[in-house]
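As a plain string of letters, each chain reads:
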Amino acid sequence: MSYPLPNNSTDLSGQVALVTGASSGLGLRFAKVLASQGAKVAIAARRLDRLEALAKEIEEAGGTALPVQMDATDADQMVAAVAKAEEALGTVTILVNNAGIPDAQRAHKMDIELIDRVLDINVRAPFVLSCEVARRLMAADKPGRIVNIASAAAYHYAGNGAALYSVSKSAVVRITETLSVEWSRNHINVNAIAPGAFESEMMDGMLERMGDIAQHFPRKRIGNPAQLDAALLFLVGPSSDAVTGTCIRVDDGQGSR
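How each quantity is defined
Residues numbered from 1 in each chain as written. Predicted model: local features only at pLDDT ≥ 70, side-chain atom pairs only at ≥ 80, totals over all residues. Heavy atoms only, no water. Helix = DSSP H or I, 4+ residues; strand = E, 2+ residues; numbered from the N terminus. Rg over C-alpha atoms; globule rule 2.2 N^0.38 Å. Contact = heavy atoms within 4.5 Å. Areas by Shrake-Rupley, 256 points an atom, 1.4 Å probe, with all protein chains shown as cover. Lys, Arg positive; Asp, Glu negative; His and termini not counted. Charge placed at Lys NZ, Arg CZ, Asp CG, Glu CD. Expected span 1.5 Å × (residues − 1). Buried < 20%, exposed > 50% of the residue type's maximum accessible area, 1.4 Å probe, protein only. Arc of directions from axis to C-beta.

J.: Would you explain the overall build of the chain in this entry?
T.: Each helix and strand counted, the chain has seven helices and seven strands in total. In sequence order, the chain lays out its α and β elements as β-α-β-α-β-α-β-α-β-α-β-α-α-β. For 257 residues, the compact-globule estimate of 2.2 N^0.38 gives 18 Å, and the chain sits close to it at 17 Å. For the chain, the spread of C-alpha atoms along the principal axes amounts to about 45 × 40 × 35 Å. Across the chain, contacts joining residues at least 24 apart in sequence account for 72% of those joining residues at least 6 apart. Element-wise, carbon and sulfur atoms account for 50% of the exposed surface of the chain, whose accessible area totals about 12100 Å². Between the averaged position of the 25 positive side-chain charges in the chain and that of its 29 negative side-chain charges there is a distance of 4 Å.

In structure tokens, the structure reads:
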């Protein structure tokens, strides 16, 4: 099922958003949604060709988008990405930390290189980017919104592989909670969304390995990224002004509580 972009339900004109992992899947949708509501969007990922294609699509729809090539394992590139976005579009007031990778292995079979990569991208990157964006917001004396993309795996692990992924996404939830407390006085709201199984490149790989896992879910379906629109727009819009340090689970009732 495909979904249109939301109507102008949240006025984000004057806002500058940086979305990581924007070359596909959830990040691509997040970038389109924010642009559709009037935000100027910097889109960051490794694959520049995909970013340029997305930027063209956003601009043809009347939005503003800036492709920024960035490796989420390289701190210098992350800091530079925020600087590039600010130089071209203005102070980043919305950050969506979406970049992430699975581990897809039993813990005892993972090599150190993969362990480091999962932790670098899933934990270190959102922390580094959040701090860089917050530092610039404080210097500009502006409020801001940070949305970290966690996972339902932060709350549930069945022992079938991807233990480190679960650990890393639990860390994302805790990053959200701690930074929200530290930056509350600066009017920087830090929240998270924990999706269940949603359509993405990561999910495609899982389906290839495990078959149609949707048949094990009560509603027997995989989520569409557009079903996260409402949660995202709530967390970056005025309605959530007093909401910070919260993780919204959007998992379609796929798992236990």
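J.: Can you help me understand helix 2 (residues 48-60) in this one?
T.: In this model helix 2 runs 18 Å from its N-terminal to its C-terminal C-alpha over 13 residues, within 8% of the 18 Å that 1.5 Å per residue would give. What helix 2 keeps buried is the set Leu51, Leu54, Ala55 and Ile58. In an axial view of helix 2, the angular spread of the buried residues amounts to 105 degrees, which keeps them on one side of the axis. Those residues of helix 2 that are exposed and angled more than 90 degrees off the buried face are Asp49, Lys56 and Glu60. Count one or two residues on from helix 2 and you reach Gly62, which has phi positive near 100 degrees.

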